[in-house]
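# Tertiary structure, described
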There are 2 protein chains.
Amino acid sequence: MSKVGIAAYGKIPFTKDDHKIESTLHKSANDLFQKNPEIDKKEIDAVLISTNNNSKYLSPILSEMSGIQPKIAHSIESLCNSGTNSIVSAFSYISSGLADMVLVSGAERYDSPGQILEWDNSRGEFKHPIFWASIFSKSYKEKYNISDEELAIVSVKNHKQASKNPNALSKKTYTVEDVMNSKKLTDDLKLLDCSRPCTGSASILLASEEIMKKYADSPIWITGIGQKTTSAGFTKNTSLSSMESTKIAGQSALNMSNHNISEIDVAEVHDAFSVCEPMILESLGFTDPGNGMDMIKNLHQTNNFKINPRGGLIGCGHPLGATGISQTIEIIEQLQNNAESRQTDNPKTGLIHNMSAAATSSTVLVLEK
Amino acid sequence: MSKVGIAAYGKIPFTKDDHKIESTLHKSANDLFQKNPEIDKKEIDAVLISTNNNSKYLSPILSEMSGIQPKIAHSIESLCNSGTNSIVSAFSYISSGLADMVLVSGAERYDSPGQILEWDNSRGEFKHPIFWASIFSKSYKEKYNISDEELAIVSVKNHKQASKNPNALSKKTYTVEDVMNSKKLTDDLKLLDCSRPCTGSASILLASEEIMKKYADSPIWITGIGQKTTSAGFTKNTSLSSMESTKIAGQSALNMSNHNISEIDVAEVHDAFSVCEPMILESLGFTDPGNGMDMIKNLHQTNNFKINPRGGLIGCGHPLGATGISQTIEIIEQLQNNAESRQTDNPKTGLIHNMSAAATSSTVLVLEK
């Protein structure tokens, strides 16, 4: 398999703006090209769009707006996991030799139709993700004797980290009491335990090893890929306190990159709700089952930004199709020692974890410099 | 680049049924698995869905319905060209080594949102495809001195061929007079000049060379791929009487397969409207500019099913996301000498041409046994 790297990226602030999907997409692609004027758009063989938006033909539209005439042009949707699905697809086009350079642009509006799980009849009328998050929270708290106050630390930590991220939706910091006193949504979930829908986009340009030599001063390589879908419906999940698809995807990505989890220096993980962060850290093997909150508390107390330096979905906001790409950009900046006041200690190897619909599917990527 | 073949396919009749997209998708996937009980679903690494339907997470849904737990799972949309975009993506996953076997299932309902070009403001209020087809028809007729009666032969031929296809939406045959007397939609277009929206699905299973040895008695290989997007908006087209994206995609696919167009024995081409068929044949190089109708008339008179043996989009109906896959299945059956009363004379090399939105993008595939 030939090497695939990331030659450039573009990003914009996540907001509650009511902008059209086309202009939202174009903003991060435009940021990418403005920051990298040396890129020859004629060399871009594919433009992949990651979104849950219902608009059609967005890849040719973004291509026309950006002055690109690609070979391959389409949109990719897999709910919240669309961004990393698009990155893996771009990887495969380059690795197979069908493309040398692929633009991946993800975008979403605050009112994305991907936020309601219309298709899952096993959920009855409970089609909003807060319901699966409530079940996960109740189950995780019971199994490992974790309190609501402890889970609230995830939100406190990630909002703290997001306050250092100029593109985050939320710049405010909160205390455990703030989280506990925020609006109660269900028995097990408060407003500040949840990531919030928003409008945003993010773009990256993947390239073959040959092209990387031409464009990238500080090349970042995708060295590990793991993906798994266990089901569509939540009721098919085999466990309510761990994430099977994340376990499998994580192990596959680590195997492919020839690393073990202890060698991961920095990670973006899919904290759609507070409870997700300890569950993901355990499922990826960062810590033993039931110890996720101890790890998170320790990182928070020592001001270590290792997990979700960007502020996670809870702090940054969650524009579905853009999230996986935004997570990837954070890891690129971390590996390039370019993350300003969010910078972790000279990381060499980073990981991205992106998932959909109660972890019924997950993608894990390993990036290295 | 490692070889990629087609191990199995499934298909269902195209209808005007009001079935849900999930059950429509499942029907052709189910047909595939029923006809090929030897396939081990555990070996399916990816499930790609081709559709313009607004439902989300369809790949995990079809996977769960079919008993598959894939690594890679997402939907792909590029309007009418979604089907072959999905096939090329599947090819790249296998060729790159990320997957060994990929299920590609395309489906659409008769009321697909991809049928109105909402995004193209250059068209003013004229957002239905019949308007670009009218402009193409007027321009083509003027440039090459072709009559409405001559163009009508495309519909007569393709309906005749569809009458031999048990899965076609239309089984009726028509005369040139019938086409001329059918409802006038615009100055240059009658109802029988148009392909019709419908409900349908089609599935194929792509596999690596290693897997093909295990499953396929009569293996078919994808030996040529060409894709091109020139723009999104129709007004950016450089010509109104030829199709630039089709020319480029066709040449690329032929180059990759080491064939020239005279070696193509049978082809499915994207006759969304009568005028498209001669324009495509000329753009692919089957005949010189302006001679497309002569070629079509000759094929029709000699009862030669070389072009659109399935009956084309005009005869079969056009369930957008399923069309490119259905075209590919027809070429597989032709190459396997399995096309019953539509069978052409022992073809060795076949071609598929699939496009979107006034040929602003095209895909061309070459298949060989």
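Residues numbered from 1 in each chain as written. Chains lettered and ligands numbered in written order. Predicted model: local features only at pLDDT ≥ 70, side-chain atom pairs only at ≥ 80, totals over all residues.

Moving on, we get to the overall build of chain A. Across its full length, chain A holds 12 helices and 11 strands. Projecting the C-alpha coordinates of chain A onto the three principal axes gives extents of approximately 55 × 40 × 35 Å. Buried residues in chain A amount to 62% of all 369 residues. If you take every contact in chain A between residues at least 6 apart in sequence, the share linking residues at least 24 apart comes to 77%. (Helix = DSSP H or I, 4+ residues; strand = E, 2+ residues; numbered from the N terminus. Buried ≥ 20, exposed ≤ 12 C-beta atoms within 10 Å, placed from the backbone. Contact = placed C-beta atoms within 7 Å.)

Take the relation of the copies chain A and chain B next. With an RMSD of 0.0 Å, the operation that places chain A on chain B is a rotation of 180 degrees combined with a shift of 0.0 Å along the axis. Put plainly, the chains are arranged around a two-fold axis. Taking C-alpha positions as the reference, the residue of chain A nearest the rotation axis is Ser96 of chain A, at 2.1 Å. Comparing interface residues between copies, 100% of those in chain A also sit at the interface in chain B, which points to an isologous, same-surface contact. (Least-squares fit on C-alpha atoms with pLDDT ≥ 70 in both.)

Mean pLDDT over chain A works out to 95, with 98% of the residues at or above the 70 mark. The complex prediction reports pTM at 0.97, with the ipTM value standing at 0.97. (pLDDT = per-residue confidence, 0-100.)

Another aspect to go through is helix H10 (residues 292-301) of chain B. Residue and element names in this part refer to chain B. Among the residues of H10, those classed as buried are Gly292, Met293 and Ile296. Down the axis of H10, the buried set is contained in an arc of 90 degrees. They therefore lie on one face. For H10, the exposed residues lying more than 90 degrees away from the buried face are Asn298 and Gln301. Taken together, the buried residues of H10 touch helix H5 (148-162) and helix H9 (276-284). Directly after H10, the chain includes Asn303, whose backbone phi takes a positive value near 60 degrees. (Arc of directions from axis to C-beta.)

This brings us to the interface of chain A and chain B. Each partner contributes residues to the interface: chain A has 48 residues there, and chain B has 48 residues. At the level of secondary structure, the elements contributing two or more residues to the side of chain A that touches chain B comprise helix H2 (58-66), strand S3 (72-77), helix H3 (82-96) and strand S8 (220-229) of chain A. Per element, the largest residue contribution to the side of chain A that touches chain B is 8 residues, and it comes from H3 of chain A. Residues belonging to the side of chain A that touches chain B are distributed by class as follows: 17 nonpolar, 25 polar and 6 charged. Summarising the sheet, S3 of chain A and strand S3 (residues 72-77) of chain B pair through 3 bridges and their orientation is antiparallel. Looking at S3 of chain B, one finds that Glu77 of chain A is bridged to Ser75 of chain B. (Nonpolar A, V, L, I, M, F, W, Y, C, P; charged D, E, K, R; others polar. Pairing = 2+ DSSP bridges.)

Before going further, it helps to examine the nonpolar core. Ranked by size, the top nonpolar core spans 227 residues in total, and within it Val102 and Leu206 of chain A together with Val102 and Leu206 of chain B carry the most contacts. A domain split of this core shows at least three residues from each of domain 1 (4-114 + 197-215) and domain 2 (223-368) of chain A. What Leu206 of chain A contacts, discounting residues up to four positions off in sequence, is Val4, Ile6, Ala90, Phe91, Ile94, Val102 and Val104 of chain A. (Core = buried A, V, L, I, M, F, W, Y, C linked by C-beta atoms within 7 Å. Domains from an automatic or database assignment.)

Bringing the packing of helix H1 (residues 21-35) of chain A against H2 of chain A into the picture now. All names here are of chain A. Put simply, H1 and H2 touch, their axes get as near as 10 Å, and they point 50 degrees apart. As far as their axial angle goes, H2 and H1 are oblique. The crossing of H1 and H2 is right-handed. Facing H1, whose interface residues are Ile21, Glu22, Leu25, His26, Ala29 and Phe33, H2 presents Leu58, Ile61, Leu62, Met65 and Ser66. A breakdown of the residues in the contact of H1 with H2 according to their chemical character gives 8 nonpolar, 2 polar and 1 charged. (Axes fitted to C-alpha atoms, helices over the stretch in contact; angles between N-to-C directions. Parallel < 35°, antiparallel > 145°, perpendicular 65-115°, else oblique. Left-handed = near helix turned anticlockwise from the far one by under 90°.)

Residues and elements named next belong to chain B. Positive phi, normally seen in glycine, also occurs at Asn346, with a value near 45 degrees. Take Asn346: there are 10 C-beta atoms within 10 Å of it, and that puts it in the exposed class. With a phi close to 60 degrees, Ala358 is a non-glycine residue in the positive phi region. The exposure class assigned to Ala358 is buried, which follows from the 26 C-beta atoms found within 10 Å.

On to the domain arrangement of chain A. All names here are of chain A. Once the domains are mapped, chain A shows domain 1 (4-114 + 197-215) and domain 2 (223-368). Spacing between the C-alpha centres of domain 1 and domain 2 amounts to 22 Å. Contacts between domain 1 and domain 2 engage 32 residues on the former and 25 residues on the latter. Within the residue set of the side of domain 1 that touches domain 2, elements represented by two or more residues are strand S1 (4-11), H3, strand S4 (101-108) and strand S7 (200-208). The leading source of residues in the side of domain 1 that touches domain 2 is H3, at 7 residues. Broken down by class, the residue content of the side of domain 1 that touches domain 2 amounts to 14 nonpolar, 16 polar and 2 charged.

Another aspect to go through is the pairing of strand S11 (residues 361-368) of chain A. Successive side chains on a regular strand alternate, one facing one side of the sheet and the next facing the other. Residue and element names in this part refer to chain A. With 8 of 8 residues buried, S11 lies mostly within the body of the structure. Of the two faces of S11, both are covered, the one formed by Ser361, Thr363, Leu365 and Leu367 as well as the one formed by Ser362, Val364, Val366 and Glu368. As paired strands, S8 and S11 are joined by 8 bridges and run antiparallel to one another. Looking at the pairing, Ile225 lines up with Leu365 of S11. Across 8 bridges, strand S10 (residues 349-356) lies against S11 in antiparallel orientation. Bridge pairing links Leu351 to Val366 in S11. In this structure, the hairpin formed by S10 and S11 is closed by a connection of 4 residues, where Ala357 is found at a positive phi of approximately 45 degrees.

All names here are of chain A. In this structure, Val266 sits in strand S9 (residues 266-268). For Val266, a count of 28 C-beta atoms within 10 Å corresponds to the buried category. For the pair Val266 and Leu367, spaced 101 residues apart in sequence, the C-alpha to C-alpha distance is 10.0 Å. Contact partners of Val266, with chain neighbours within four places excluded, come to Lys306, Pro309, Ile331, Gln334, Thr344, Pro347 and Gly350.

Here the focus is helix H8 (residues 244-257) of chain B. Residue and element names in this part refer to chain B. Over its 14 residues, H8 runs 20 Å from end to end, which matches the ideal 20 Å to within 8%, given 1.5 Å per residue. Looking at H8, one finds that the buried residues are Ser245, Thr246, Lys247, Ile248, Ala249, Gly250, Ala253, Leu254 and Ser257. Looking at the buried side of H8, the elements it contacts are strand S8 (220-229), H9, strand S10 (349-356) and strand S11 (361-368). Of the residues flanking the end of H8, it is Asn258, one or two places downstream, whose phi is positive at about 60 degrees. (Expected span 1.5 Å × (residues − 1).)

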